[in-house]
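Summary of the model geometry
Listed below, chain by chain, are the residues.
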Amino acid sequence: MPSVVTRLRLVAALAVVVILAGCGALPFAPEDSKACATDFAAFERDALYFGRAIPAGGQVSDAQWAAFLDTVVTPVFPKGLTVLDAAGQWRGASGGVVREPSKLVVLLHPRSPEDDAAIADIIGTYKQRFGQEAVLQERQSVCVRF
């Protein structure tokens, strides 16, 4: 009988195959908005990864996170966003691996210089307010339908 680790690896590999198999059918728009299928609009999908461990000690509390979301993020993306709880891991400037609870914020929006600046401000504010080395930003061009 396979070990638990072997079974978990098989499940993870299967999940990746299933996800990648579906990618060919998704209405992505890599560079050109005309690549979106009918009834879909070209948008950017920005995923922002906010670590909650504070390098000087402690953690960004639920109340601090809610205040940041309410006063910094929501006012510039009032039409909506998604927040997910995550467990993050990365190598900090000190060379050590940091494992921390995290928040993943997903923003879907038309590409604009104003939104790019707003996202940069969100990241800068979080880094300054909570003494963070980094906030990871991932961007993809996608097609959406509401």
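These numbers come from a predicted model, not from an experiment.

Overview of unusual backbone geometry
Backbone geometry places Asp39, a non-glycine residue, at a positive phi of 75°. A relative accessible area of 59% means that Asp39 is categorised as exposed.

Details of the layout of surface pockets
Considered as a void within the structure, the largest pocket measures approximately 280 Å³ in volume. In terms of lining, the largest pocket is formed by 15 residues, of which the most central are Lys79, Gly80, Leu108, His109 and Pro110. Examining the composition of the lining of the largest pocket, we find that four residues originate from one element, strand 3 (residues 97-109), more than from any other. Looking at the lining of the largest pocket residue by residue, the class counts come to 10 nonpolar, three polar and two charged. Of the volumes computed, that of the second largest pocket is approximately 240 Å³. Surrounding the second largest pocket, 14 residues form its lining, Tyr49, Trp90, Glu100, Ser102 and Leu136 being those nearest its centre.

Quick word on the pairing of strand 3
Examined bridge by bridge, strand 1 (residues 41-51) and strand 3 share eight bridges and lie antiparallel to one another. Note on strand 3: the bridge partner recorded for Phe50 is Lys103. Of the pairings in the sheet, the one linking strand 2 (residues 82-91) to strand 3 comprises 10 bridges and is antiparallel in character. Residue pairing across strands places Trp90 opposite Val98, the latter belonging to strand 3. Counted along the chain from strand 2 to the antiparallel partner strand 3, the turn is five residues long, and its residue Gly95 has a positive phi close to 95°.

A closer look at the state of the cysteines
Under the defined criterion, the tally for this structure stands at one disulfide. The residue that forms a disulfide with Cys36 is Cys143, at a sulfur-sulfur distance of 2.1 Å. Across the disulfide from Cys36 to Cys143, rotation about the S-S bond amounts to roughly -90°, and the bridge is consequently left-handed. Taken as a pair, Cys36 in the loop between helix 1 (4-23) and strand 1 and Cys143 in strand 4 (residues 136-144) lie far apart in primary sequence, 107 residues in all.

A closer look at the packing of aromatic side chains
This structure, assessed with the given rule, holds nine aromatic pairs. Taking the centre distance of 5.7 Å and the plane angle of 65° together, the rings of Phe50 and Phe68 count as edge-to-face. Taken together, the residues Phe50 in strand 1 and Phe68 in helix 2 (residues 62-73) connect sequence positions 18 residues apart. Comparing Phe50 with Phe68 shows no difference in burial state: the two are buried. Ring geometry for Trp65 and Phe68: centres 5.7 Å apart, planes at 40°, overall tilted.

Description of helix 3 (residues 113-130)
Under the 1.5 Å per step criterion, the end-to-end length of helix 3 is 26 Å for 18 residues, consistent within 8% with the ideal 26 Å. Those residues of helix 3 lying buried are Asp115, Ala118, Ile119, Ile122, Ile123, Tyr126 and Phe130. Across the axial projection of helix 3, the buried residues extend over an arc of 135°, all falling on one side. Turned more than 90 degrees off the buried face of helix 3, the exposed positions are Pro113, Glu114, Asp121 and Gln128.

Procedures and definitions
- Residues numbered from 1 in each chain as written.
- Predicted model: local features only at pLDDT ≥ 70, side-chain atom pairs only at ≥ 80, totals over all residues.
- Heavy atoms only, no water.
- Buried < 20%, exposed > 50% of the residue type's maximum accessible area, 1.4 Å probe, protein only.
- 1 Å grid on protein atoms, 1.4 Å probe; cavity = no way out; pocket = protein on both sides within 12 Å on 5 of 7 lines; lining within 4 Å.
- Points joined across faces, edges and corners; volume = space filled by probe spheres on them.
- Helix = DSSP H or I, 4+ residues; strand = E, 2+ residues; numbered from the N terminus.
- Nonpolar A, V, L, I, M, F, W, Y, C, P; charged D, E, K, R; others polar.
- Pairing = 2+ DSSP bridges.
- Disulfide = S-S within 2.5 Å.
- Phe/Tyr/Trp six-rings, centres within 6.5 Å; stacked < 30°, edge-to-face > 60°.
- Expected span 1.5 Å × (residues − 1).
- Arc of directions from axis to C-beta.

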